[in-house]
Amino acid sequence: MVAPVQQPPQSSGGKRKGKARYVQAKRARRCDGGGPPQLEPGLQGILITCDTNERKCVEEAYSLLNEYGDDVYGPEKFTDKDQQPSGSEGEDDDVEAALKKEASDIKASTEMKLRRFQSVESGANNVVFIRTLGIEPEKLVHHILQDKYKTKKKKTRVILRMLPISGTCKAFLEDMKKYAETFLEPWFKAPNKGTFQIVYKSRNNIHMNREEVIKELAGIVGSLNSENKVDLTNPQYTVVVEIIKAVCCLKKKKNNLWNIYAMEYYSSVKKEWTKRRRISSALC
């Protein structure tokens, strides 16, 4: 009688190997450009903070920005249907014509992705970055806050804060200094002058030093015009530095009506958020 063959026990590491392959493949797709767009140097946009519901935040941001974007800049123009990628229908005998057709399809596909507003992964929890094209982020956000201040209408639930970003660069001190020299010139280079303060915030970054960054940027402002002075109480300008992982987001704001609109908006948002949290705690 033939003894039954015993099967070797299965290793419990199968699931781990499968998960490891999945993570590796996901990283590879991102590196090849197949994943979602990431926050990177060379962008303009709007940095938005929210509660824990980032997906809802992106939906609200698209709705709000498209509404006011159409109001300020007119309706967005899309690629014509006849320019959309037609795909491959059968084999083309003419190789040169086929290559030209493929290049045209790729170009049209790229144009379709260049929307006025595009959400990109920020690299931080509860932070959404909306990349903008063909608009001025500060002008648009100012218009939104101004309208909210005048009408008192509530159009969002999860958005807590909107910060227009004038530009991004690598979050390394030398890169930031090089970028800031050009970025700050329009407001601080002689004969222009003003009082200023620098506001710094860092997320998911441990290699940058707050005091060192503020000192270097303040030195750049001073080198543009010796009459530029630091004022932490009532400055004419505020230079905002937002660092997320390896990317630095910069913004300059003039402290006039912007502060009035922003304070009114964020005060109402804070009250609503506190009210919702109290209700949620009472139900638990």
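Residues numbered from 1 in each chain as written. Predicted model: local features only at pLDDT ≥ 70, side-chain atom pairs only at ≥ 80, totals over all residues. Heavy atoms only, no water.

Colleague: Got a sec to walk through the environment of T52? Specific residues and values, please.
Modeller: Topologically, T52 is positioned in the loop between β1 (45-50) and α2 (54-73). Looking at T52, the relative accessible area reads 70%, which means it is exposed. Put simply, T52 and V127 are 75 residues apart on the chain and 9.4 Å apart in space, counted from C-alpha to C-alpha. (Helix = DSSP H or I, 4+ residues; strand = E, 2+ residues; numbered from the N terminus. Buried < 20%, exposed > 50% of the residue type's maximum accessible area, 1.4 Å probe, protein only.)

Colleague: Give me the lowdown on unusual backbone geometry, citing residues and values where you can.
Modeller: The linkage connecting A190 with the following residue, P191, adopts the cis geometry, with an omega of 10°. In this fold, P191 is placed in the loop between α6 (185-188) and β6 (195-203). The backbone phi angle of K152 is positive, close to 65°, even though this residue is not glycine. Checked against the element boundaries, K152 lands in the loop between α4 (137-151) and β4 (159-165). Its identity as a non-glycine residue notwithstanding, N204 has a phi of 55°, on the positive side.

Colleague: Got a sec to walk through the pattern of salt bridges? Specific residues and values, please.
Modeller: Under the counting rule described, the total for this entry stands at 10 salt bridges. We note a salt bridge from R115 to E76, for which the minimum N-O separation is 3.4 Å. Pair noted here: R115 is in the loop between α3 (95-113) and β2 (117-120) and E76 is in the loop between α2 and α3, with a separation of 39 residues, a long-range link. Overall, the relative accessible area of 33% leaves R115 in the partly exposed class. The class for E76 is buried, based on a relative accessible area of 18%. With its nearest N and O atoms 2.7 Å apart, the salt bridge here joins K193 to E227. Residue K193 is found in the loop between α6 and β6, and its partner E227 is found in the loop between α7 (210-224) and β7 (229-230); the two are separated by 34 residues along the sequence. Residue class for K193 comes out partly exposed when judged on its relative accessible area of 47%. Members of the salt-bridge network, linked through shared partners, are R161, R203 and E242. (Salt bridge = Lys/Arg side-chain N within 4 Å of Asp/Glu carboxyl O.)

Colleague: How would you summarise α7 if you had to cite specific residues and measurements?
Modeller: Here α7 spans 22 Å end to end across 15 residues, near enough to the 21 Å set by a 1.5 Å rise per residue. The set of residues buried in α7 consists of V213, I214, L217, I220, V221 and L224. Buried residues of α7, viewed axially, fall in a sector of 125°; they line one side. More than 90 degrees from the buried face of α7, the exposed residues found are K215 and S223. For α7, the elements touching its buried residues are α5 (173-183), α6, β6 and β8 (237-244). For α7, the N-terminal capping position is held by N209, with its side-chain oxygen 3.1 Å away from the main-chain nitrogen of E211. (Expected span 1.5 Å × (residues − 1). Arc of directions from axis to C-beta. Contact = heavy atoms within 4.5 Å. Polar contact = N/O pair within 3.5 Å; in protein donor to acceptor, adjacent residues only side chain to side chain.)

Colleague: Could you give me a rundown of the sheet that holds β8, with the residues and numbers involved?
Modeller: Whenever strands of a sheet pair, they do so through backbone hydrogen bonds, lying parallel or antiparallel. Sheet architecture is open: five strands sit in the order β5-β9-β8-β6-β7, paired in mixed fashion. Only two strands of the sheet have a single neighbouring strand rather than two, namely β5 (167-170) and β7. Relative to β8, β6 runs parallel, the two sharing eight bridges. Considered in β8, the bridge of I198 is made with V239. The strands touched by α5 are β5, β8 and β9 (247-254); relative to β5, the strand with the most contacts, the crossing angle is about 155°. (Pairing = 2+ DSSP bridges. Axes fitted to C-alpha atoms, helices over the stretch in contact; angles between N-to-C directions.)

Colleague: Any chance you could break down α2 for me, citing the residues and the numbers?
Modeller: For an α-helix, 3.6 residues make a turn, and residues three or four places apart therefore share a direction. The terminal C-alpha atoms of α2 lie 27 Å apart, and with 20 residues this matches the ideal 28 Å at 1.5 Å per residue to within 8%. Residues of α2 that are buried include every one of C57, V58, E60, A61, L64, L65, Y68 and G69, and no others. All buried residues of α2 project into a common sector of 165° when viewed along the axis, lining one side. Among the residues trailing α2, G74 stands out with phi positive, at a value near 90°.

Colleague: Account for the nonpolar core, naming residues and giving values.
Modeller: Counting residues in hydrophobic clusters, the biggest one holds 24 residues, and the most contacted among them are M176, L184, F188, V241, I243 and C248. Secondary-structure elements contributing two or more residues to this core are α5, β6, α7, β8 and β9. By residue number, the principal contributor to this core is α7, which donates six residues. Those residues in contact with C248, other than ones at most four positions away along the chain, are G167, T168, C169, K170, A171, M176, V241, E242 and I243. Counting 20 residues, the second largest nonpolar core, distinct from the first, contains I48, V58, Y68 and I144. (Core = buried A, V, L, I, M, F, W, Y, C linked by side-chain atoms within 4.5 Å.)

These values are about where atoms sit, not about what they do.
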